[in-house]
Amino acid sequence: MIIQVEKFMRKWNMVPEGGRVLVGVSGGADSVCLCLILYELSTKMNFSLEVIHVEHGIRGEESKNDAVFVEQLCKQRGIVCHIRNVDVPRYAKIHHLGEEEAARILRYQVFADVAGQDRNVRIALAHHMEDNAETMLFQLIRGSGLDGLCGMRPQRTGTNGEIYIRPFLQCSREQIEQFLEERGQGYCMDSTNANESYSRNRMRKRVLPELIRMNPQAVQHMQTAMEQLQQVRDYLEEETVSLEKKFISGERKNVKLDTDGLAELSQAVPQSCLESCRGMQRYYGGTFAGSGGPSGKTDRKICKTALWADRHKSLQCDRNHGKKKGNGKDLSADRYGPAAGKPAGR
């Protein structure tokens, strides 16, 4: 498993030479396993390793015991450990969120804070193959475009520029448990994982097992499908860059967009592009004006405009006439980061 993880990390250039990796460790099996494997790889791949543990303030003594467990795990190996306490119930109440979503938001805020502005830092998360399959299914049943059906990215850039990596995306839960058992390594059990009022737990305990009963290779097949969809998504993103050069002119805050030329490129407009545009319309509260013609043609113009605007992060639509103004707002903090997110050789 260590060799498998190393190959995957090198394929995606996950860690720069001499970099610093912060691994999120809850104390559960997945994150403990990731911590141990990264600890063994740190010398070979030349990076320093630190641990972040977030105590969410939800499970009382059980949660505090998890923090003690993680602290001891790190102390035994000489790993720097950052323990951070957050108040999830209070945050959820103030912002009218479920505790699951509030915990996720606060956890990522802590990760970004500890990472700081050092661009040689990577934040390692222990999401594995089954987690990715669950994510794909959630996106599908909630309604998603192409990007959502691609599942989790092996790398992504967060809203503050921090870079997250997922070394376990091609590993199964079974592999993780076997690794820990072979080494006699214990881990913590989160009692909330049995609570099926959380939609993620229902997916994990009911839906995914049923799919696996129907086909034991279901998770692997979903993983393969996601990888193929990622190739399509990456191709479309690369095409967007070439379209910018051909159909965009002028300076950043004074640009000209050839919507007529863009509209004639294809009769088939990816739904994900149109949804991206509609999301921008909701964000700004305005509209993008086409140059007339049938609605399908106008949609194509809007779609291509959205592709360009997503990448330039500086397009604002005028509420009256759809005029474009540069305002420097980041429209795509998690979608288009720096070079993070593409494998070696691409």
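Just above, that's the structure.
A.B. asks: Can you walk me through the packing of aromatic side chains in this structure?
C.D. replies: The geometry of two aromatic rings is summed up by the distance between their centres and the angle between their planes. Taken as a whole and judged by the stated rule, the model has 3 aromatic pairs. By way of ring pairs, the aromatic residues Tyr108, Phe111 and Tyr164 are connected into one cluster. A cation sits over an aromatic face here: Arg183 above Phe179, 3.7 Å from the ring centre.

A.B. asks: Sorry, what's going on with the sheet that holds strand β1 (residues 20-24) here?
C.D. replies: Strand pairing in a sheet relies on backbone hydrogen bonds, with the paired strands running either antiparallel or parallel. One open sheet accounts for 6 strands, arranged β3-β2-β1-β4-β6-β5; its pairing is mixed. Strands at the two margins of the open sheet, each flanked by one partner only, are β3 (80-85) and β5 (155-157). Geometrically, the sheet is characterised by an average inter-axis angle of 25° between neighbouring strands, direction not taken into account. One ladder, built from 3 bridges, connects strand β4 (residues 121-124) with strand β6 (residues 163-165); its direction is parallel.

A.B. asks: Honestly, the packing of helix α4 (residues 88-95) against helix α5 (residues 99-115) in this entry has me stumped. Any pointers?
C.D. replies: Two measures define how a pair of helices packs: the angle their axes make with one another and the distance between the axes. One can describe the packing of α4 onto α5 by two numbers: an axis separation of 9 Å at closest approach and a directional angle of 110°. Considering the angle they form, α4 stands roughly perpendicular to α5. In terms of crossing hand, the pair formed by α4 and α5 is right-handed. Residues Val88, Pro89, Tyr91 and Ala92 of α4 form the contact with α5, whose participating residues are Glu99, Ala102, Ala103, Ile105, Leu106 and Gln109. Broken down by class, the residue content of the contact of α4 with α5 amounts to 8 nonpolar, 1 polar and 1 charged.

A.B. asks: Can you walk me through the pattern of salt bridges in this structure?
C.D. replies: Opposite charge on two side chains allows them to pair when their charged atoms are near. For the structure on display, the rule yields 19 salt bridges. Residue Asp190 pairs with Arg59 through a salt bridge whose shortest N-O separation is 3.3 Å. Here the residue Asp190 occupies a position in the loop between α8 (173-182) and α9 (199-214), and Arg59 occupies one in the loop between β2 (48-55) and α3 (61-77), the gap between them amounting to 131 residues. What makes Asp190 partly exposed here is its relative accessible area of 28%. Salt-bridge contacts for Glu61 lead to Lys64; the nearest nitrogen and oxygen are separated by 3.8 Å. With Glu61 and Lys64 both in helix α3, this residue pair falls 3 residues apart, about one helical turn.

A.B. asks: Got a minute to help me understand α4 in this structure?
C.D. replies: In an α-helix, one turn spans 3.6 residues, which is why side chains three or four residues apart end up on the same side. Buried within α4 are the following residues: Val88, Tyr91 and Ala92. The arc that holds every buried residue of α4, seen down its axis, measures 100°, which confines them to one face. Turned more than 90 degrees off the buried face of α4, the exposed positions are Arg90 and Lys93. Residues of α4 that are buried sit in contact with α5. Here α4 starts with a cap whose side-chain oxygen sits 3.2 Å from the backbone nitrogen of Arg90, and that cap is Asp87.

A.B. asks: Explain α3 here, please?
C.D. replies: Taking 1.5 Å as the rise per residue, α3 with 17 residues should run 24 Å; its terminal C-alpha atoms sit 25 Å apart, in good agreement. For α3, the set of buried residues is Ser63, Asp66, Ala67, Val70, Leu73 and Cys74. For α3, the angular spread of the buried residues around the axis is 125°, confining them to a single face. Among the exposed residues of α3, those oriented more than 90 degrees off its buried face are Glu61, Lys75 and Gln76. On its buried face, α3 is in contact with α2 (29-41), β2 and β3.

A.B. asks: When you look at unusual backbone geometry in this model, what are you seeing that I'm missing?
C.D. replies: Excluding glycine, most residues fall at negative phi; most peptide bonds, likewise, are trans. Notably, Asn46 is not glycine yet its phi reads approximately 60°, a positive angle. Here Asn46 shows up in the loop between α2 and β2. Judged by its relative accessible area of 36%, Asn46 falls in the partly exposed class. At His96, a position not held by glycine, the phi torsion is positive, near 55°. Tracing the sequence through the fold places His96 in the loop between α4 and α5. Relative accessible area serves as the criterion here: at 72%, His96 is assigned to the exposed category.

A.B. asks: What should I look at first to understand the packing of α2 against α8 in this one?
C.D. replies: Put simply, α2 and α8 touch, their axes get as near as 10 Å, and they point 65° apart. Classified by the angle between their axes, α2 and α8 sit roughly perpendicular to one another. Here the hand of the crossing between α2 and α8 comes out left-handed. Here Ala29, Asp30, Val32, Cys33, Leu36, Ile37 and Glu40 of α2 lie close against α8, whose contacting residues are Arg173, Ile176, Phe179 and Leu180. Across the contact of α2 with α8, the residue classes break down as 8 nonpolar, no polar and 3 charged.

A.B. asks: Mind showing me how you'd approach the nonpolar core here?
C.D. replies: One broad rule of soluble globular proteins: the nonpolar side chains tend to lie buried together. Formed by 37 residues in total, the largest nonpolar core has its most connected members in Met9, Val23, Leu38, Phe47 and Phe168. When residues of this core are traced back to their parent elements, those giving at least two are α1 (2-11), β1, α2, β2, α3 and α8. Among the elements that make up this core, the one with the highest residue count is α2 (9 residues). Among residues more than four places away in sequence, those in contact with Phe168 are Met1, Val5, Asp30, Cys33, Leu34, Ile37, Ala126, His127, His128, Met129 and Ile176. By size, the runner-up hydrophobic cluster in this structure holds 20 residues, among which are Val86, Val88, Tyr91 and Phe111.

Criteria and thresholds
Residues numbered from 1 in each chain as written. Predicted model: local features only at pLDDT ≥ 70, side-chain atom pairs only at ≥ 80, totals over all residues. Heavy atoms only, no water. Phe/Tyr/Trp six-rings, centres within 6.5 Å; stacked < 30°, edge-to-face > 60°. Lys NZ or Arg CZ within 6 Å of the ring centre and 35° of its normal. Pairing = 2+ DSSP bridges. Helix = DSSP H or I, 4+ residues; strand = E, 2+ residues; numbered from the N terminus. Axes fitted to C-alpha atoms, helices over the stretch in contact; angles between N-to-C directions. Parallel < 35°, antiparallel > 145°, perpendicular 65-115°, else oblique. Left-handed = near helix turned anticlockwise from the far one by under 90°. Contact = heavy atoms within 4.5 Å. Nonpolar A, V, L, I, M, F, W, Y, C, P; charged D, E, K, R; others polar. Salt bridge = Lys/Arg side-chain N within 4 Å of Asp/Glu carboxyl O. Buried < 20%, exposed > 50% of the residue type's maximum accessible area, 1.4 Å probe, protein only. Arc of directions from axis to C-beta. Polar contact = N/O pair within 3.5 Å; in protein donor to acceptor, adjacent residues only side chain to side chain. Expected span 1.5 Å × (residues − 1). Core = buried A, V, L, I, M, F, W, Y, C linked by side-chain atoms within 4.5 Å.

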